[in-house]
Amino acid sequence: MKAVPFFEHGPLDVLQYREDFPDPIAGKNDVVIDIEYCGVNHLDIWTRQGIAGKKKIKLPHICGCDIVGTVRKAHSFKVGERVMVYPGVSCGKCQQCKSGRENLCSQFAIIGGMSDWNGGYAEQTAVPARNAVRLPESMKDEVAATFAVSYLTAWNMLQMNGAGKGKTVLVYGAASGVGMATIQLAKALGATVITTVSSSEKRGFAKKVGVDHVIDRTNQDIAGEARKITHGKGVDIVIDHVGAATWQTSIAALKQGGRMAVCGMTSGNEATVPVRTFYTKQIAMTGALLGTRAQLLELVNFISRKKIQPVIDSVFSLRDAREAQKKMEADLHAGKILLRC
């Protein structure tokens with residue numbers, strides 16, 4: 001099959017387009033999927049580079065965890081059924097798994113991420129049958145290929161922290177996957193949403209996806225502007241997917257008793273926290289790793305019901321996977337980047 005594996009961790013040029021990569025071998029309880037689209041995420045870049053402190057993965061490896069396609073072979077699906085992939089795999093036996101909180105399993109890993117499960121930068125993939133989720137007939141493949149990482153993570157954080165009517169949410173980077181997802185989902189839940197941008201083009205994008213207030217991070221103080229917008233109180237919730245560069249800003253922007261949700265580290269893994277401000281404000285901090293399969297099913301129904309339409313920035317061919325990651329690394333996208341497989 002055609003695929004884009006890497007045989008060692010490193011820069012973009014370790015991604016190699018191959019037309020003769022071995023087809024996936026399915027286990028007894030697996031489903032083989034002919035991939036139509038795969039969304040590109042920062043996790044793909046971190047996986048390709050190698051995440052410090054994570055266990056080594058089997059190489060060669062194929063990135064990509066936002067997978068949509070049709071069933072080629074499986075005992076519990078019909079051939080040709082349209083599915084998306086829930087990207088989390090776990091032991092299936094522990095109490096967390098049995099209670100439907102598989103993302104808290106100590107063995108939880110992400111298909112196409114830092115795990116031995118190959119992902120969607122390929123024509124086919126094999127995943128556990130329970131990870132295949134049937135798509136509504138009304139949902140287009142390219143739309144579904146945006147949900148399983150950014151939107152599921154945002155949905156998890158918004159649910160966990162009580163986003164809804166009367167709440168104010170600050171999220172960084174409107175044009176990023178998590179930024180766009182948070183804006184659209186939080187608005188659909190009834191919250192007031194503030195976001196940050198770095199250009200007039202991205203300001204226009206933020207307005208397009210429905211944000212209430214925009215802060216230009218290049219010439220405005222984010223925490224100060226957030227307090228002005230909230231009449232001096234601070235925001236109820238901050239969604240922080242940036243990491244080291246924004247933690248102090250996030251804490252400063254929050255109100256007394258506010259909540260900070262963390263899901264990323266694009267600016268670095270080691271953050272400094274102003275401890276006194278943190279405890280005097282009585283801030284609660286939560287971490288999010290994707291969400292559960294049950295949450296993904298809820299999310300698909302919610303998006304269908306609310307008629308939410310993610311913005312797709314660009315679609316690259318499988319052969320051009322390097323260019324897709326290059327565009328994401330350079331922060332030149334506004335919306336989701338997809339691979340057409």
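J.: Is there a simple way to think about the overall build of the protein in this case?
T.: Helix and strand content of the protein: eleven helices and 17 strands. In terms of overall dimensions, the protein is globule-like: its C-alpha atoms have a radius of gyration of 20 Å, near the 20 Å expected for 341 residues. Overall size of the protein, expressed as C-alpha extent along the three principal axes, is 60 × 40 × 40 Å. Considering the protein as a whole, with its 341 residues, one finds that 54% of them fall into the buried category. Pairs at least 24 apart in sequence give 68% of the contacts found in the protein among residues at least 6 apart. When the accessible surface of the protein is summed, it comes to about 15000 Å², and 49% of that surface belongs to carbon and sulfur atoms. In the protein, 43 positive and 31 negative side-chain charges are present, and the distance between their average locations comes to 8 Å.

J.: What's the story with the nonpolar core in this structure? I'm lost.
T.: Core analysis: the largest hydrophobic core is formed by 97 residues, its most contacted members being Met84, Tyr121, Leu185, Ile239 and Leu339. Filtering out sequence-adjacent residues up to four positions away, methionine 84 remains in contact with Ile67, Val68, Asn131, Ala132, Val133, Leu135, Ala144, Phe147, Ala148, Leu296 and Val300. Residues Ile215, Val235, Trp247 and Val262 belong to the second largest nonpolar core, which totals 17 residues.

J.: I keep staring at helix H6 (residues 200-208) and nothing clicks. Help me out?
T.: Residues spaced three or four apart along an α-helix point in a common direction, a consequence of the helix completing one turn every 3.6 residues. By the burial criterion, the buried members of H6 are Lys202, Phe205 and Ala206. One side of H6 holds all its buried residues, which, seen down the axis, span an arc of 100 degrees. Within H6, the exposed residues directed more than 90 degrees away from the buried face are Ser200, Glu201 and Lys208. Where H6 is buried, its residues contact helix H5 (177-189), strand E11 (192-197) and strand E12 (213-216).

J.: I keep staring at the packing of aromatic side chains and nothing clicks. Help me out?
T.: Describing an aromatic ring pair means giving the distance of the ring centres and the angle of the ring planes. Tallied over the entire structure, the rule returns two aromatic pairs. Residues phenylalanine 147 and tyrosine 151 carry aromatic rings whose centres are separated by 5.3 Å and whose planes lie at 70 degrees to one another, so their mutual orientation is edge-to-face. In this pair, phenylalanine 147 and tyrosine 151 are both assigned in helix H4 (residues 147-160), four residues apart and thus about one turn of the helix distant. Tyrosine 151 shares its class with phenylalanine 147; the two are buried. Judged by centre distance (4.7 Å) and plane angle (40 degrees), the ring pair of tryptophan 155 and phenylalanine 302 falls under tilted. Of this pair, tryptophan 155 sits in helix H4 while phenylalanine 302 is found in helix H10 (residues 293-306), placing the two residues 147 residues apart along the sequence. In this structure, arginine 340 packs its charged tip against the face of tyrosine 37, placed 4.9 Å from the ring centre.

J.: Would you explain the sheet that holds strand E13 (residues 235-240) in this entry?
T.: A sheet is described by the order of its strands in space; here six strands give the open sequence E12-E11-E10-E13-E14-E15, paired in parallel fashion. Where the open sheet ends on each side, the last strands, each with one partner, are E12 and strand E15 (284-287). With strand direction ignored, the average angle separating the axes of adjacent strands in the sheet is 20 degrees. Inspection of the sheet shows strand E14 (residues 254-262) paired to E15 by four bridges, in the parallel sense. Paired with arginine 259 across the two strands is alanine 284, which belongs to E15. Each of strand E10 (168-171), E11 and E13 touches H5; the most contacted strand, E10, lies at about 170 degrees to it. With respect to the sheet, helix H7 (residues 222-229) is in contact with E10, E11, E12 and E13, its orientation differing from that of E12 by roughly 155 degrees.

J.: Hey, could you run me through the side chain of aspartate 236 in this one?
T.: Tracing the backbone shows aspartate 236 in strand E13. Of note is the side chain of aspartate 236, whose polar atom sits 2.8 Å from the backbone nitrogen of threonine 168. A polar atom in the side chain of aspartate 236 sits 2.6 Å from the side chain of lysine 255. Beyond its immediate stretch of four places on either side in the chain, aspartate 236 contacts Gly166, Lys167, Thr168, Leu254, Lys255, Gly258 and Arg259.

J.: Would you mind going over the pairing of E12 with me for this structure?
T.: Consecutive residues of a regular strand have side chains that alternate between opposite faces of the sheet. As defined by bridge partners, E11 adjoins E12 across four bridges and the pair is classed as parallel. For isoleucine 194, the partnering residue across the bridge sits in E12 and is histidine 213. Read as a crossover between parallel neighbours, the route from E11 over H6 to E12 is right-handed.

J.: Quick question: what am I supposed to make of the pattern of salt bridges here?
T.: Close approach of charged atoms lets side chains of opposite charge pair. Here the structure, examined in full by the defined rule, presents twelve salt bridges. Where arginine 319 meets glutamate 19, a salt bridge forms, and the shortest distance between an N and an O atom there is 3.3 Å. In this pair, arginine 319 sits in the loop between strand E16 (312-317) and helix H11 (321-329) while glutamate 19 sits in the loop between strand E1 (5-6) and strand E2 (30-39), placing the two residues 300 residues apart along the sequence. The closest approach of N and O atoms between aspartate 34 and arginine 72, which form a salt bridge, is 2.8 Å. With aspartate 34 in strand E2 and arginine 72 in strand E4 (residues 66-73), the pair connects residues that are 38 residues apart, well separated along the chain.

Reading the values: the criteria
Residues numbered from 1 in each chain as written. Predicted model: local features only at pLDDT ≥ 70, side-chain atom pairs only at ≥ 80, totals over all residues. Heavy atoms only, no water. Helix = DSSP H or I, 4+ residues; strand = E, 2+ residues; numbered from the N terminus. Rg over C-alpha atoms; globule rule 2.2 N^0.38 Å. Buried < 20%, exposed > 50% of the residue type's maximum accessible area, 1.4 Å probe, protein only. Contact = heavy atoms within 4.5 Å. Areas by Shrake-Rupley, 256 points an atom, 1.4 Å probe, with all protein chains shown as cover. Lys, Arg positive; Asp, Glu negative; His and termini not counted. Charge placed at Lys NZ, Arg CZ, Asp CG, Glu CD. Core = buried A, V, L, I, M, F, W, Y, C linked by side-chain atoms within 4.5 Å. Arc of directions from axis to C-beta. Phe/Tyr/Trp six-rings, centres within 6.5 Å; stacked < 30°, edge-to-face > 60°. Lys NZ or Arg CZ within 6 Å of the ring centre and 35° of its normal. Pairing = 2+ DSSP bridges. Axes fitted to C-alpha atoms, helices over the stretch in contact; angles between N-to-C directions. Polar contact = N/O pair within 3.5 Å; in protein donor to acceptor, adjacent residues only side chain to side chain. Right-handed = clockwise from strand over helix to strand, strands pointing away. Salt bridge = Lys/Arg side-chain N within 4 Å of Asp/Glu carboxyl O.

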